[in-house]
Amino acid sequence: MRLLLCTTLCAAAFFTTPAAGQIVDPRIEEILQDVSADRLHEYLTTLTGYETRHSLSFSDRPDFGVLPARQYIFETMRGFSDRLQVSFDCYEVEPQGRIPERAELCNVVATLPGRSERRVFVSGHYDTVARVEASDPAAGGSGGGFDWSRFDNPAPGANDDGSGTVLTMEVARVLSQSGIEFDATLVFVAFVAEEEGLVGASLMAAKAEREGWVIDAMFNNDIIGNSLGGNGILDSRTLRVFSEDPMDSPSRQLARFIRRQGTAYMPGHEIRLIAREDRFGRGGDHTAFNRRGFPGVRFSESRENYSRQHTAADTLGGVDFDYLARNTRVNAAGVATIAAAPAAPKVDGPRGPMLSRGETGYHADMSWQRSLGATAYRVVWREAWTPDWQHEVIVGNVDRMVLENISIDDYVFGVAAVGPDGHESVVSAYVRPPRARSDIREVGPGR
Ligand SMILES: [Zn+2]
């Protein structure tokens, strides 16, 4: 084992700000240039043309409802590249909750195989729903609202979540046509029955857990194409990324990674990290994966227009395609980087995080398990009362690093793997394990 020692005195020569050590790969820049607002518009025009994509809007008509909609997503993705394996992921669902009758519900899945088993997901939900309006005779003079037995009211779902669906399709296109052989396997999913309670995503997440899939990340996109808030505020230059607690959860590391890559590849398009699983009282498909222990985040526009959501007014006119294209590029940059990089290093041993106070008792002594294909590591740290990494040092192909006289009590540490092309993984953080109740020794009074 090679040991790299660095005292705080060499900091000035060695440490850089986090953004400085980062590469911008011209091949990824080319991928981003390939993202087309016109294509996003074309996909979404077709999808909204089916009038509704309610998960149970089954019909024989070729121009109406969920069946031709999911077929269109399937066929379109299949046309992108021979390398893309497209399939329906179907489940027989019994009546429950918001699903009043038995139905076969299908996610649409396109897989771009990589060199390794680890998977990176990009997703949106293609299903839609609309409230019954108060003016509708079906509302019976009530104020209107959701009627889960009504499958056929107009629910174009251009922004919720046609936007996330076509974003996913376009990322699938540009990555599958890029000619790059990725390390990770990319999985592009248009989920069904999100509106009925994350049904399609929950069924797939359960399957992923049963079958032991290695999922490194999920980029879930839901309500991602509108730039004009219902309050009249226009914002086409920022987007939000929601990630679940705690502060150093794998999902939160993914969020930090997305902002780092997004900032490098899309300067001027600001990624606002929100330290929350989702918005107040609202949910999304990433949560179904989070609950099974998979890291995942939700991308959403910064300014929502609630009055259009879940109504017949969620039409093409409420989508800003240049904004949606920029958000698509942020996704593509993050996905391409994470998929091109080696797997994140493992920092936990049998007895917890491999972080100690070193020989003197006052150092930060970190070890990790090397990642296959990594040629260097990026060690990062920050004060424990700080949201994002403040310091970094790039070390060679080693599995240990000692920072002298930096207290492991006062800082959070992490390490990312860097591949030969300079692509870096998400950071693995050394997280202080929660104490079991039985470990806490009570101290009596008077001592
Ligand atoms: Zn949605």
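A.B. asks: Sorry, what's going on with the overall build of the protein here?
C.D. replies: Check the secondary structure of the protein and you find nine helices and 18 strands. Relative to the globule expectation of 22 Å for 447 residues, the C-alpha radius of gyration of the protein, 23 Å, shows essentially globular dimensions. Principal-axis analysis of the C-alpha atoms places the extent of the protein at approximately 75 × 60 × 45 Å. In the protein, buried positions account for 47% of the 447 residues. Summarising the internal contacts of the protein: among those between residues at least 6 apart in sequence, 78% fall at separations of at least 24.

A.B. asks: Would you mind going over the sheet that holds strand β17 (residues 411-418) with me for this structure?
C.D. replies: Backbone-to-backbone hydrogen bonds pair the strands of a sheet. The strands run either parallel or antiparallel. Taking strand neighbours across the sheet as the criterion, the four strands line up as β15-β14-β17-β18 in an open arrangement whose pairing is antiparallel. The sheet is open, and its two edges are formed by β15 (391-395) and β18 (428-429), each paired on a single side. Bridge count for strand β14 (residues 376-383) against β15 is five bridges, and the pairing is antiparallel. Bridging across to β15, Val 380 finds its partner in Glu 392.

A.B. asks: What is the right way to look at the nonpolar core in this model?
C.D. replies: Nonpolar side chains in soluble globular proteins tend to be buried together. Core analysis: the largest hydrophobic core is formed by 114 residues, its most contacted members being Leu 175, Leu 186, Val 335 and Met 366. The residues that make up this core include at least three from each of domain 1 (4-21 + 344-434) and domain 2 (35-340). Residues in contact with Met 366, not counting those within four places in the same chain, are Met 354, Leu 355, Val 379, Arg 400, Met 401, Phe 413, Val 415 and Tyr 430.

A.B. asks: I would appreciate a short explanation of the domain arrangement of the protein in the present structure.
C.D. replies: The accessible area lost on association of the parts is a frequent measure of interface size. When cut into domains, the protein gives domain 1 (4-21 + 344-434) and domain 2 (35-340). In this structure, domain 1 and domain 2 have C-alpha centres spaced 34 Å apart. Contacts between the two partners involve 14 residues from domain 1 and, on the opposite side, 13 residues from domain 2.

A.B. asks: Is there a simple way to think about the packing of helix α4 (residues 66-78) against helix α5 (residues 158-176) in this case?
C.D. replies: The relative placement of two packed helices comes down to the angle between their axes together with the axis-to-axis distance. Close contact between α4 and α5 brings their axes to 10 Å; oriented N to C, the two are set at 20 degrees. Classified by the angle their axes make, α4 and α5 are roughly parallel. The hand of the α4/α5 crossing is right-handed. Across the interface between the two elements, Ile 73, Thr 76 and Met 77 of α4 pack against Thr 165, Met 169 and Ala 172 of α5.

A.B. asks: Please explain the sheet that holds strand β7 (residues 238-242) as it appears in this structure.
C.D. replies: A sheet is described by the order of its strands in space; here eight strands give the open sequence β2-β3-β5-β4-β6-β9-β7-β8, paired in mixed fashion. Since the sheet does not close on itself, it has two edges, and those belong to β2 (85-93) and β8 (270-274), each with one partner. Looking at each pair of strands side by side, their axes are set apart by 25 degrees on average, direction ignored. The pairing of β7 with β8 spans five bridges and is classified as parallel. By the bridge assignment for β8, Thr 238 is matched with Glu 270. In this fold helix α7 (residues 250-265) packs onto β6 (215-221), β7, β8 and β9 (297-301), with an angle of close to 170 degrees to the strand it touches most, β8. Packed onto the sheet, helix α9 (residues 321-340) meets β4 (119-125), β5 (185-191), β6, β7, β8 and β9 and runs at close to 175 degrees relative to β6.

A.B. asks: Help me out: how do you make sense of unusual backbone geometry in this one?
C.D. replies: Excluding glycine, residues mostly have negative phi values, and the peptide bonds linking residues are mostly trans. Note that the residue after Asp 160, namely Asp 161, is joined by a cis bond; omega there is -5 degrees. Here Asp 161 is to be found in helix α5. In this model, Asp 245 is joined to Pro 246 through a cis peptide bond whose omega is 0 degrees. Along the chain, Pro 246 falls in the loop between β7 and α7. Its identity is not glycine, yet Glu 51 carries a phi of approximately 70 degrees, on the positive side. When you line up the elements, Glu 51 lands in the loop between α3 (37-48) and α4. Assessed through the 20 C-beta atoms surrounding it within 10 Å, Glu 51 is described here as buried. Backbone geometry places Ala 193, a non-glycine residue, at a positive phi of 55 degrees. Position of Ala 193 relative to the elements: it lies in the loop between β5 and α6 (199-210).

A.B. asks: Would you explain the environment of Pro 345 in this entry?
C.D. replies: Structurally, the position occupied by Pro 345 is in the loop between α9 and β10 (348-349). Placed 70 residues apart in sequence, Pro 345 and Val 415 show a C-alpha to C-alpha distance of 7.0 Å. Other than its neighbours up to four places away in sequence, Pro 345 contacts Trp 368, Gln 369, Arg 370, Ser 371, Tyr 377, Val 415, Ala 417 and Ser 428.

A.B. asks: Is there a simple way to think about the pairing of strand β3 (residues 103-112) in this case?
C.D. replies: For a regular strand, side-chain orientation follows a simple rule: the groups alternate between the two sheet faces. Burial of β3 is extensive: eight of the ten residues sit out of reach of the surface. Pairing of β2 with β3, which is carried by nine bridges, proceeds in the antiparallel orientation. Paired with Gln 85 across the two strands is Thr 111, which belongs to β3. Pairing of β3 with β5 involves five bridges; the strand directions are antiparallel. Across the sheet, residue Val 108 finds its bridge partner in β5, namely Ala 190.

Thresholds applied
- Residues numbered from 1 in each chain as written.
- Predicted model: local features only at pLDDT ≥ 70, side-chain atom pairs only at ≥ 80, totals over all residues.
- Helix = DSSP H or I, 4+ residues; strand = E, 2+ residues; numbered from the N terminus.
- Rg over C-alpha atoms; globule rule 2.2 N^0.38 Å.
- Buried ≥ 20, exposed ≤ 12 C-beta atoms within 10 Å, placed from the backbone.
- Contact = placed C-beta atoms within 7 Å.
- Pairing = 2+ DSSP bridges.
- Core = buried A, V, L, I, M, F, W, Y, C linked by C-beta atoms within 7 Å.
- Domains from an automatic or database assignment.
- Axes fitted to C-alpha atoms, helices over the stretch in contact; angles between N-to-C directions.
- Parallel < 35°, antiparallel > 145°, perpendicular 65-115°, else oblique.
- Left-handed = near helix turned anticlockwise from the far one by under 90°.

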